Structures are given as C-alpha cells and as structure tokens.
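In case you want the letters, here they are:
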Amino acid sequence: MTKNKAAAAPEQAKASAAEDASATPAKTAGSAQSKAAKAAKGDKRRSTDNLRLVCGLGFFVVVGIGLAFNTGLGTTDSFGWQTIAAACPVGAIETLLAGGIQAPVALVCLAITVVLVLLFGRAACGWLCPVPVVRRVFGGKKAVAKSVSDSKEEEAACDAQKNAAVKAAIDDRRAKLAVDTSPAARAQIEREFSAIIHGACATPHCAECAGHTTCSQETMRVHDRKNRIKVSHYDTRFAVLIGALASSAIAGFPVFCLVCPVGLTVATFIALWRFITMNQGTWGLIVMPVILIVELVVLRKWCHRLCPISAFFSLVGKGNKTLRPTVDEKKCLRLNGTAVCNRCHDVCPEGIDLHDPRGLVAPTECIKCAACVDACPESCITMPLFPKRTGASQATTLTDKEEQCLTN
Amino acid sequence: MGITRRDFLVAGVSAAALAACGSTAAYAGVGTSSLVRPVGGQDETTFLAGCLRCDRCRSVCPENVIDLAHAEDGFFEMRTPKMNFHLGACTFCNKCVDVCPTGVLHAIDPSKDKLGIAEIRPAQCVAYRNPGSCSKCAEVCPYDACHIQGGYPVIDDDACNGCGTCVYDCPALVLTAVDSTGERGVEVVTVAEHERG
C-alpha cells in the first residue's frame, strides 16, 4: 500500500503539472514541469541517507577503536569521556528504580542524555542507533522502509481524503482566479485557499470554521486547537517502557537491558572482535544474534511499536524545538497551490505530515533523518537550528497571540 | 491513531514478557553467581542492580583484566563485566571506577578490601607435581600474600586481595587455544565462594 502510494506520488505531481501547463502561462508551465521532473528524481538524492549510514557505521568504528586502544569511550549504552558520559536513559532509570545507583554521577549522566534529547530530539534514533544500521546492512533498504502504523488503511484513507481536498481547492482557486482578477477578489480567493489548504484533513475539526472558509488561518488554528480530535501520541512503546521500568523495580536489576537490541548489537560486535583477536569463543555469539533476529526480524516493527528507548526520546523530545523540519509555505507545491505533492510525507520513516501538524503522527516524532529535505522537489524544507518565526510554517508552534486567544 | 485492540495486545504481551523475564531472574537467584567482579562490585546484588552492561569498564581497563560475562556464565549475567585473570591482573588503577556511569564500581582499599581470594589448584599446580620446581606465584605477588612452604605455594587469605597477578603469571595452562575454559595452578574466587570452600 505504502509502496504504491510512494510510486503514485510523482505521477500525480506530474499529472497536475501537466494540467497546469494548459491552464497557466507558458513560463509557469515550464517551471512546473521541471519541478515534476525533479520530484521524480527525488529518489536518487539520498545523500543524507548515506551520511546517516556512514554515521551509524562510524559508531562501530569508535567502539572498535575503544576495543583496540582501551579508550573507554564506551558504547551506545553509555558514551563519553572519563566520568562524563551520556548514559542510556532507560538503563539509567531502570538502575535507579532497581536501587543500583551508587553515585550522583548516574544522575549527571542521565541529565546529559535528557539535555541532548532536548537539543536534538530523536536524532539518536536516526543517526546513532545501531539497529537501523544492522537492518540496512543485512536486510537491504526494504527492511528500513517505513512501518509506522498498523492502521495503514486509516493512514492511506486520511491521505486520500486530504489529497482530494487539496486537489479540489487547487482547481477551485484556479477557476476563480481565471474569472475574477481584481486585487481585492484575488486576496479573498487566496485567503480562502489558504484556509482550506491548511485544514485539509477532510474531517471537520472545527464547527466554528466549518461553515465559512473565510476564517483567517490564525483563528482557524486556534479553533482547531480547541476542538482538536483527540489523537493519542502514546503508543505501545510507552507500555513497554512502563513494563521495563516496573519489572526492573520489582526484580531488582535492569531487566530490559538483558534483551535490549542496541546493547546486544554492540555486545555481538564486541564478542566477534574478541573471538577474532583473542580466540575467545562463547555461546553468546549464537545466543545474542538469535535474540536480535527474534526482535528485529520477527518483530519487524520494533522501533515504532516496542522500543522503550524510542518512547523515552519521544516523551522528552516533545520539548525539542531545534532542527525541526520547516516548510517554506511560499515555495511548497502543495501549500502554494501548484500540485498535490506529498513527497515529504511519503518518504518520512516516521510518517509525519509536515503539511498537517495535526496528522496521525506528532511532529516531535522526527528523527532528524532529513529524508524530507532530500525528497522535496522544491527544496523548500529546511531544518533550521532555531525555529523561524517568519516566512515559514509556524504550524507546530503557537504564537503568543494564538496562545492568548486560546486562553480567553 | 487511537489505541486499537491490537495495540493493547502488543503492550500487554510485551509488558508480561518483561515481567516474566524479571521474575524468572529473581527466581533463578540473580545475585548468587560466583563471578569475580571489578573493583567495588563485590556485593553481587547491588552490582547487578546497578550495572548497565555498557562495557565502558572493560573498554577502559589498561590491563585487559576485565572481560565480559558470557552466556556460559548465566543468561542474566551475560554482558556484565567479570575479572578474567588469564588476560591480566588488577593494579587498582581505578579507571573502571572513573568511567562507571552508575557508580556501582567504587574505589576500594587494596590493603583491606578484596576483589576475591586466590586458591591453589593442586591438580594444575606445577609445584604440586614436583615440589620446589616452581615458585612463580610467590615471586610475583605484589602484596606478599603467597609463600612457598615445603616446596608448595600457600596463600595468606588475610593478605591476598584477589588482584590476580599470581594467576596471570602462573605457568600452568597458559597455552590453551581457547582461553575461557580451564584453570591454572592458582585461581581467584569470590570471598563468598572461598568461604563455602
């Protein structure tokens, strides 16, 4: 389903670009076509993707250097220099609950991790975690294809609805603009279009806005916040997180660490290293990969459905404001009414819809993989270090005015 | 997306699996293993409660004496650090203590506290085959805890702190292809195991 969707998107973009060609002056048509061509080429631009692979493999190199030269830098479970390290948050909290914390340094290590998550969000999932690297190296790209929701039908239906609404709005705007060209009318048409395009999910979020599409974007957003459909961003990962912490507290030792695929991957690497360099054979060389295979191959949706570390990152990452993918509304083909382009949503491994922050997946689930940045045919998605206040989509953050309006 | 029945099932099963894992471990007696732990990790229960299995102590050890417990040492102990005196001996440099993120390893006083206690293994000891032929352990002991009496090595339990220098230098069974099996003429065991006899 997802694959079909991904394949269909560029065609769709092309088709509407062709329509564009017949309806608008030649200049726009030419650029729209080249845009569509660029959209089709999007797949080949995977530079960030490769960079991520290199980064993930680089981590193994660092672990390897540690093995060879006793650097003590550590592994993904706890990485740092001398006493200062970023400890695995789940492991650290588990030991805290199990009563194993013997020194305040543990809290410092935990705090460092929390600060890093606030700074970089879930970037560790996309850039450091060895699990996707192992999957990609051994399982090819298919294995890392997105597997966000098991309600794929739900997702696809919502997408289809949205796309239809956007298409209708685009056609409507074009038709109206062709008839009426006075500046005042134009402004009105653009306002209406903007209102629809930003609330494009076909579900009527807001009764107040539903009747009149002339609501300003801002009011609509405020209304929407008031009446938003309750979308749960707490999935099964959080249950696993709670289970891991509770069982550790009861059993008196970090239980999840036993089966943690991150730890097991690194441990397998270390065991292999010691097997090769020191002739140290152990059953662990079989036991650990078997657990890994069960977790990553049998339970394919580990990262999105079960991983408690990812749950922790999502939880703390809600406070992350930096490096968020931001859409330039003027350039975005969908938001400026050129085409029903959905490339960024299609390539996102987390299933985030940048056009609709009220989508099924919260924007804070971003793993900073920059797949959307690479895929955008207009190159209009950026990941600014600090969220921009002007010119770009502010949909994810409420302005002061909105906040005020909401509290009233 | 809302919580579906399937989500509920996945959550329930995984939480149950973790709970089962934890209770099995508790039932199997986690904290009773007889592994010699790095500096300060001598109380096994506290040690296991606080060990993240992060590998930093093993990585930083300049003597290579810290090894990772293997599947053979018990599933619940797997990946925790243990002392392998066939690979080195502890100098109490405390580098492992410095890097431990939970502080479960802590500095000890080598003149009073013990990692473990060395025990002579007569079946492997060269001196036991031919009295007086070897006195390596007594020569290398940095704490003067090993003496040759009547041609046989004898360990002074009070002076020995389990640093493992004697084990590392023991000439018996050094040429094995696979280092994780077999015993040398002298081996360090935990204090608890030594007392059990």
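Our structure's up above, just so we're on the same page.
Residues numbered from 1 in each chain as written. Chains lettered and ligands numbered in written order. Predicted model: local features only at pLDDT ≥ 70, side-chain atom pairs only at ≥ 80, totals over all residues.

### Notes on the overall build of chain A
Item 1. Helices and strands together make up the secondary structure of chain A, namely 20 helices and five strands.
Item 2. Relative to its 408 residues, chain A shows a buried fraction of 45%.
Item 3. Considering only contacts within chain A whose residues lie at least 6 apart along the sequence, 69% involve residues at least 24 apart. (Helix = DSSP H or I, 4+ residues; strand = E, 2+ residues; numbered from the N terminus. Buried ≥ 20, exposed ≤ 12 C-beta atoms within 10 Å, placed from the backbone. Contact = placed C-beta atoms within 7 Å.)

### What about helix H1 (residues 5-28) of chain B?
Item 1. A rise of 1.5 Å per residue sets the reference length of H1(B), with its 24 residues, at 34 Å; its end C-alpha atoms lie 34 Å apart and thus fit the reference within 8%.
Item 2. Here H1(B) has its buried residues at Val10(B), Ala11(B), Ser14(B), Leu18(B), Cys21(B), Gly22(B) and Ala25(B).
Item 3. In this fold, the buried residues of H1(B) make contact with helix H12 (236-251), helix H13 (255-259) and helix H16 (302-306) of chain A. (Expected span 1.5 Å × (residues − 1).)

### Things to note about the interface of chain A and chain B
Item 1. Taken together, the contacts link 65 residues of chain A with 51 residues of chain B.
Item 2. For the side of chain A that touches chain B, the leading source of residues is H12(A), giving 10 residues.
Item 3. Of the residues in the side of chain A that touches chain B, the class split is 32 nonpolar, 28 polar and five charged. (Nonpolar A, V, L, I, M, F, W, Y, C, P; charged D, E, K, R; others polar.)

### Structural notes on the environment of Val373(A)
Residues and elements named next belong to chain A.
Item 1. The topology assignment puts Val373 in helix H19 (residues 371-375).
Item 2. For Val373, a count of 20 C-beta atoms within 10 Å corresponds to the buried category.
Item 3. C-alpha separation for the pair Val373 and Val347, spaced 26 residues apart in sequence, amounts to 9.8 Å.
Item 4. When sequence neighbours within four positions are dropped, the list of residues in contact with Val373 reads Thr48, Pro325, Ile381, Thr382 and Met383.

### Digging into the environment of Cys366(A)
Residues and elements named next belong to chain A.
Item 1. For Cys366, the location among the structural elements is in the loop between helix H18 (343-347) and H19.
Item 2. Owing to 28 C-beta atoms within 10 Å, Cys366 belongs among the buried residues under this scheme.
Item 3. Along the sequence, Cys366 and His355 sit 11 residues apart, while their C-alpha atoms lie 14 Å from each other.
Item 4. Apart from residues lying up to four places away in sequence, Cys366 is in contact with Gly121, Arg122, Arg324, Pro325, Glu350 and Ile352.

### A look at unusual backbone geometry
The phi angle of most residues is negative, glycine excepted, and most peptide bonds adopt the trans form.
Item 1. Even without a glycine there, the phi angle at Ala370(A) is positive, about 65 degrees.
Item 2. Mapping Ala370(A) onto the fold places it in the loop between H18 and H19.
Item 3. Of note in this structure, Asp55(B) is not a glycine but carries a positive phi near 80 degrees.
Item 4. Locating Asp55(B) in the fold gives a position in the loop between helix H2 (44-50) and helix H3 (56-60).

### Overview of the nonpolar core
Item 1. Within the largest apolar cluster, 136 residues are counted, with the highest numbers of intra-cluster contacts made by Ala87(A), Cys372(A) and Cys96(B).
Item 2. Once residues within four sequence positions are removed from consideration, Ala87(A) is found in contact with Ser78(A), Ala92(A), Ala106(A), Cys109(A), Leu110(A), Thr113(A), Leu52(B) and Pro101(B). (Core = buried A, V, L, I, M, F, W, Y, C linked by C-beta atoms within 7 Å.)

### Details of helix H17 (residues 308-317) of chain A
Item 1. Along H17(A), eight of the 10 residues are buried, which leaves the element largely enclosed by surrounding structure.
Item 2. Residues of H17(A) that are buried include every one of Pro308(A), Ile309(A), Ser310(A), Ala311(A), Phe312(A), Phe313(A), Ser314(A) and Gly317(A), and no others.

### A word on the sheet that holds strand S2 (residues 78-81) of chain A
The pairing of strands in a sheet comes from backbone hydrogen bonds and takes either a parallel or an antiparallel form.
Residues and elements named next belong to chain A.
Item 1. The strand order S1-S2-S3 describes an open sheet built from three strands, whose pairing is antiparallel. Two strands in the sheet have a free side with no partner beyond their single neighbour: strand S1 (74-75) and strand S3 (84-87).
Item 2. Bridging between S1 and S2 involves two bridges; their strand directions are antiparallel. Counted as the bridge partner of Thr75 is Ser78 from S2.
Item 3. Packed on one face of the sheet, helix H5 (residues 105-120) meets S2 and S3 and runs near 65 degrees to S3. (Pairing = 2+ DSSP bridges. Axes fitted to C-alpha atoms, helices over the stretch in contact; angles between N-to-C directions.)

### Remarks on the packing of H12(A) against H1(B)
Item 1. Relative to each other, H12(A) and H1(B) sit at 15 degrees, their axes nearing to 9 Å. When the interaxial angle is binned, H12(A) and H1(B) end up roughly parallel. Between H12(A) and H1(B) lies a crossing whose hand is right-handed. Every residue of H1(B) that contacts H12(A) at Thr236(A), Ala239(A), Val240(A), Ile242(A), Gly243(A), Ala244(A), Ser247(A), Ser248(A), Ile250(A) and Ala251(A) is listed here: Asp7(B), Val10(B), Ala11(B), Ser14(B), Ala15(B), Leu18(B), Ala19(B), Cys21(B), Gly22(B), Ser23(B), Ala25(B) and Ala26(B).
Item 2. Considered class by class, the residues forming the contact of H12(A) with H1(B) number 14 nonpolar, seven polar and one charged. (Parallel < 35°, antiparallel > 145°, perpendicular 65-115°, else oblique. Left-handed = near helix turned anticlockwise from the far one by under 90°.)

### As for the environment of Lys368(A)
Residues and elements named next belong to chain A.
Item 1. Relative to the helices and strands, Lys368 is located in the loop between H18 and H19.
Item 2. When the C-alpha atoms of Lys368 and Gln161 are compared, they prove to be 27 Å apart, with 207 residues separating the residues in sequence.
Item 3. If near-sequence neighbours (up to four positions away) are discounted, Lys368 is found in contact with Phe120, Gly121, Ala123, Gly126, Trp127, Leu323 and Met383.

### Things to note about the packing of H12(A) against H17(A)
All names here are of chain A.
Item 1. Orientation of H12 relative to H17, taken along the N-to-C sense of each, is 110 degrees, at an axis distance of 8 Å. As far as their axial angle goes, H17 and H12 are roughly perpendicular. Only Pro308, Ser310, Ala311 and Phe312 of H17 make contact with H12, whose side of the interface consists of Arg237, Phe238, Val240, Leu241 and Ala244.
Item 2. Here the contact of H12 with H17 is composed, by residue class, of seven nonpolar, one polar and one charged.

No statement about biological role is implied by the geometric values presented.
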